[in-house]
Amino acid sequence: MERFTAVIFVLLVSCICRTLGQTCERNCGKTLDLCSCQPTCKSLKNCCTDYREYCVATSPYSGSSFGGTDFIVLDATFNKSSNIVCRFNNETNTVGYVDESSRGHCISPLLYETGWIPLHISSDNGTTFNRVGAWLSVHTGKLDSKFKAILVNSTKWQYYGTPNVGGTLEMTWNTSLVRAERVNIELWGYRETGEPYSVSWHGQWEYLYSLTKDQTNNGSFSFLPKPAENGFSSWELGALRVSPSTYPDGMWNVQAAWTEDHALAWHLEERFRQDSTVWAQEKCLAWDQLENQLPNFLSEIIDCPCTLAQARADTGRFHTDYGCDIEKGSVCTYHPGSVHCVRAIQASPVYAAGQQCCYDSTGAQVLTGDSIGGSTPDRAHDWGSPPYRKPPRIPGQSHWVYDVLSFYYCCLWSDNCKYYFKHRPSSDCRRYQSPSSAVVFGDPHFITFDGVSYSFNGKGEYTLVTSAKRGLTIQGRTEPVNATIKATMLTAVAMKEASSDVIEVRLDSGHSGLQVLQNQKTLSFAEQSWMDLHGVFVFSPTSANVTVMFPTGAGVEVRLREGTMTTTVLLPEVFSGSTLGLLGKMNGDASDDLVLSNGQLVQNLSNPEELFNFGASWAVYNKSALFTYDSKYLLDTYYDAPRHDHTFIPVFFVPETPDDPLDNQASEICSGEGSEFCRYDILVGRSPRMGNATRLSFQSHISLVDDLKSVVSCGWLSPPSNGKKEGTTYLQGAKVRLSCDDGYTLKGSAERVCQENGQWSGEETSCVVPSNITGIVVGSVLGGVALIVIITTIVLHSRKQKRKASREMINTF
């Protein structure tokens, strides 16, 4: 009876809300008079009764940009007779269905972009689309392997037909990705048509042919490839699709499992198999001619970091290249000799080009002038670039067409890398400038961009960094460590740049993990670790590690350590002189770092009360707050209260009490530079674990600053013609030895050293043919002397013979 009464009450409230217009239908994301349709309504328990019906979530929430993922519409109710149509990006429709449990399903479409795609769902065959959600389209290279079909020994697939590579090929897939008893294996090809960099430039996926039909869906397929017929071998890039046999050949947007895109070596024409080197050389030369006609993008791409340490530390601008990752064994197929590569996160502004930087085991950058495994720029960024959808911004495929297939032509299938590297030369690091870093950690302690360290234990919400020039705002929230300790800790960071999404990273309720929110909605990283959002990228490989990256190159790292948040902000040189807030004025001058919001400068950095007033001045206002208030506690404590709690007075000085039971632990744990922060967190925060976490955070920051130190590069030094060099490191202090081939003489310096001024010591080196003029002259002189001697000898001998003959005649008479 009570349950029946509750149902009647819910229906009555729903009826009243609908009568008064309080429904989430077409109102998702809004707050209405009587209820809410915002994501926060679930935790605030003020949702309109039909919130889950119209503001829908899905499972899974992500899939390949190639489409074919069957996902369930959670919580919404459907009739068996419902005709579901799903609309993506307000333009692409796919046909869904209702399963035996009355759950609605959608099929994701083939998309030419990545990131969160607006989703609208109709249950009346497309007449009205009244349910709203979002779908995460993922780059195939970043997609978890459980969501795609796998090419077994992918290298064999892509070298098939070259010398000593043949036999059968095999692929596997999780059968749950295609719910059908019988499947077809189809080949789809990709190409780009139209004039590059014009409005007619388009990407095109097209069904080519089926490798098999009506095969048992047992999760594997093997076959012996043969050259494609009917001109299909002209398609050199594509992917295989596993789809139910019940659909017509090549039907778009059906449930399917896709392989990654790859070079279709295995189906190329017979001429390729007869002599792959000659075939590839022709392609390489044709590509060389095409590149000569296309715009030069090299001048606008970012320079590479000089060292591996810099590349891994500059997380606002560079991210691990999944094809060459030192954390995963350094399997660097396309960069032999390298142990780690990174890619510039942002594409270049005009041509949407990319930058790839690779490093050897010594941490030095590998350059194409020295090795086939060197760093290479890309005409099309592998990860694409907003607004995506058209070349060269299509994620993955544009990069394949302009940068990867050409590498196969010139380097992997033939020995013509000189053509490839002519158009894709490594950029060295002479123009690279390291970012500046600042950090907040522990109870909370601050180290500014210019190296000023201090503590501020205010309770409230404060501006960590603001840059009006660059539109960047980063705010932090602090809360008391507990009810009895007069110290606070950072528990949330919220940020945005220009018109980007607002990203918030905060401690979860148990302080055991980090939550990430996008525009007040919690994001799940259970399926994918990387997300393309509006005006910002977020990477979260674990629940204790979040990195936020903005288009300017600003990066924010949040790390969970012993239940506390350590937040590091990295800003490139474009922010110099434009920042204010708790993390200081980034301009290389520590003396003017701490400026109150009213423009006054902190006079005495050793006075904790003056520092406290400085921090309090940066409390945020309601109208400018970026945080999410999705609990009564947050509303009462921050939203409906002063952003800086003037009644909370922290402990300013570390008590020196020898009989304190924690004093010995503090002495053992805390030592060296930064020990005052560690001792504060143990003796005031009453937590050796927090003190140890503070010590580690401080040391990590010192290491980061060291990794990011600027280094001098003299740039690549070429070997002399008809000679060679020893040494491929070009940073300050590096030596390069130069020598000549047999038969040549070295002119200039045999050893050159990279100097502090960025110039090579010595003189330019060349190898010359030895000069024989001196030998010729000497030989000529000696020859002349010898000739004179011979002639004189002959003359004298002749005269002697004549005199002898004369005497004999006289004697005869």
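Residues numbered from 1 in each chain as written. Predicted model: local features only at pLDDT ≥ 70, side-chain atom pairs only at ≥ 80, totals over all residues. Heavy atoms only, no water.

This brings us to the overall build of the protein chain. A tally of regular secondary structure across the protein chain gives 15 helices and 40 strands. What you see for the protein chain is a C-alpha radius of gyration of 36 Å, clearly larger than the 28 Å of a compact globule of 813 residues, by over 25%. Taken along its principal axes, the extent of the C-alpha atoms in the protein chain is 175 × 80 × 45 Å. With 813 residues in all, the protein chain has 52% of them scored as buried. Entry remark: accessible area of the protein chain is about 36,800 Å², with carbon and sulfur atoms responsible for 52%. The protein chain carries 68 positive and 84 negative side-chain charges, and their two centres are separated by 7 Å. (Helix = DSSP H or I, 4+ residues; strand = E, 2+ residues; numbered from the N terminus. Rg over C-alpha atoms; globule rule 2.2 N^0.38 Å. Buried < 20%, exposed > 50% of the residue type's maximum accessible area, 1.4 Å probe, protein only. Areas by Shrake-Rupley, 256 points an atom, 1.4 Å probe, with all protein chains shown as cover. Lys, Arg positive; Asp, Glu negative; His and termini not counted. Charge placed at Lys NZ, Arg CZ, Asp CG, Glu CD.)

Evaluated as defined, the whole model comprises 47 aromatic pairs. Aromatic pair Trp205 and Trp258: ring centres 6.0 Å apart, planes at 65 degrees, arrangement edge-to-face. Here Trp205, found in strand 13 (residues 202-216), pairs with Trp258, found in strand 16 (residues 257-258); they are 53 residues apart in sequence, far enough to count as distant. With a relative accessible area of 3%, Trp205 lands in the buried category. You can call Trp258 buried: its relative accessible area is 5%. (Phe/Tyr/Trp six-rings, centres within 6.5 Å; stacked < 30°, edge-to-face > 60°.)

Further remarks concern the packing of helix 13 (residues 675-683) against helix 14 (residues 688-707). Following both chains from N to C, one finds helix 13 and helix 14 inclined at 160 degrees, their axes separated by 7 Å at the closest point. Judged on the interaxial angle alone, helix 14 and helix 13 are roughly antiparallel. Taken as a pair, helix 13 and helix 14 cross one another with a handedness that is right-handed. Of helix 14, the residues touching helix 13 (which contributes Phe677, Cys678, Asp681 and Ile682) are Pro688, Met690, Gly691, Thr694, Arg695 and Phe698. Looking at side-chain class alone, the contact of helix 13 with helix 14 contains six nonpolar, two polar and two charged residues. (Axes fitted to C-alpha atoms, helices over the stretch in contact; angles between N-to-C directions. Parallel < 35°, antiparallel > 145°, perpendicular 65-115°, else oblique. Left-handed = near helix turned anticlockwise from the far one by under 90°. Contact = heavy atoms within 4.5 Å. Nonpolar A, V, L, I, M, F, W, Y, C, P; charged D, E, K, R; others polar.)

Time to look at helix 10 (residues 608-616). Taken together, the buried positions of helix 10 are occupied by Pro608, Leu611, Phe612, Phe614, Gly615 and Ala616. Contacts made by the buried residues of helix 10 are with strand 24 (453-455) and strand 25 (460-467). Capping of helix 10 at its N-terminal end is provided by Asn607; its side-chain oxygen lies 2.9 Å from the backbone amide nitrogen of Glu609. (Polar contact = N/O pair within 3.5 Å; in protein donor to acceptor, adjacent residues only side chain to side chain.)

If you trace the four strands from one edge of the open sheet to the other, you get 1-3-7-6, paired in antiparallel fashion. Single-partner strands in this sheet number two, and they are strand 1 (58-59) and strand 6 (97-98). Bridge analysis of strand 3 (residues 70-73) against strand 7 (residues 104-107) gives four bridges, and the strand direction is antiparallel. What sits directly across from Asp70, in strand 7, is Ile107. (Pairing = 2+ DSSP bridges.)

With respect to burial, strand 27 (residues 488-497) is a largely interior element, nine of its ten residues being buried. Pairing of strand 26 (residues 472-480) with strand 27 involves nine bridges; the strand directions are antiparallel. Considered in strand 27, the bridge of Gln475 is made with Ala494.

Opposite charge on two side chains makes pairing possible when the charged atoms of those side chains draw close. Scanning the model with the defined rule gives 40 salt bridges in all. For Glu327, the salt bridge identified is with Arg312, shortest N-O distance 2.4 Å. Taken together, the residues span a long stretch of sequence, with Glu327 in the loop between strand 18 (318-320) and strand 19 (340-344) and Arg312 in helix 7 (residues 308-313) at a distance of 15 residues. Glu327 gets classed as exposed once you look at its relative accessible area, which sits at 57%. For the salt bridge of Glu504 with Arg477, the shortest nitrogen-to-oxygen distance reads 4.0 Å. One end of the pair, Glu504, is in strand 28 (residues 503-507); the other, Arg477, is in strand 26, and 27 residues separate them in sequence. Overall, Glu504 belongs to the buried group, its relative accessible area being 1%. (Salt bridge = Lys/Arg side-chain N within 4 Å of Asp/Glu carboxyl O.)

Here the focus is the side chain of Ser122. Among the structural elements, Ser122 can be located in strand 8 (residues 115-122). Its relative accessible area of 0% is what places Ser122 among the buried residues. Engagement of the side chain of Ser122 in a polar contact is seen with the backbone nitrogen of Gly126, the distance being 2.9 Å. Side-chain polar atoms of Ser122 contact the backbone oxygen of Thr128, separated by 2.8 Å. Those residues within four positions of Ser122 in sequence are excluded, and the remaining contacts are Asn83, Ile84, Val85, Thr127, Thr128 and Phe129.

All right, on to the environment of His340 then. Tracing the backbone through its elements, the reader meets His340 in strand 19. Separated by 161 residues in sequence, His340 and Asp501 place their C-alpha atoms 31 Å apart. Beyond its immediate chain neighbours, meaning those up to four positions away, His340 contacts Leu308, Arg312, Thr320, Cys324, Asp325, Ile326, Cys332, Cys357, Cys358 and Tyr359. Here the side chain of His340 touches Ile326 through a polar contact of 2.9 Å, landing on its backbone nitrogen.

This brings us to the sheet that holds strand 8. If you walk across this open sheet you meet the five strands as 2-9-8-4-5, and the pairing is mixed. Two strands in the sheet have a free side with no partner beyond their single neighbour: strand 2 (62-64) and strand 5 (92-95). Mean inter-strand twist for the sheet, computed between neighbouring axes without regard to direction, equals 35 degrees. Examined bridge by bridge, strand 8 and strand 9 (residues 131-138) share seven bridges and lie antiparallel to one another. Opposite Gly115, over in strand 9, you have Ser137 as the bridge partner.

This next bit is on the confidence of the model for the protein chain. Overall, the predicted model of the protein chain reaches an average pLDDT of 92, with 92% of residues at or above 70. Considering only residues more than four positions removed or in separate chains, one finds that residues 1-19, a stretch of pLDDT under 50, has eight contacts. This stretch, residues 805-813, has a pLDDT under 50; its non-local contacts, to residues over four places away or in other chains, come to zero contacts. (pLDDT = per-residue confidence, 0-100.)

The tally for this structure, following the rule as stated, stands at four cavities of 30 Å³ or more. Forming the walls of the largest cavity are Cys306, Ala364, Gln365, Leu367, Asp428, Cys429, Ser713, Thr728, Thr729, Tyr730 and Leu731. Considering only residue class, the lining of the largest cavity consists of six nonpolar, four polar and one charged. Around the second largest cavity, the lining residues are Thr114, Gly115, Leu136, Ser137, Val138, His139, Lys142, Trp383, Gln528, Trp530, Met531 and Asp532. Considered class by class, the residues forming the lining of the second largest cavity number five nonpolar, five polar and two charged. (1 Å grid on protein atoms, 1.4 Å probe; cavity = no way out; pocket = protein on both sides within 12 Å on 5 of 7 lines; lining within 4 Å. Points joined across faces, edges and corners; volume = space filled by probe spheres on them.)

Time to look at helix 13. Helix 13 sits mainly inside the fold: eight of its nine residues count as buried. Turning to helix 13, its buried residues are Ser675, Phe677, Cys678, Arg679, Tyr680, Asp681, Ile682 and Leu683.

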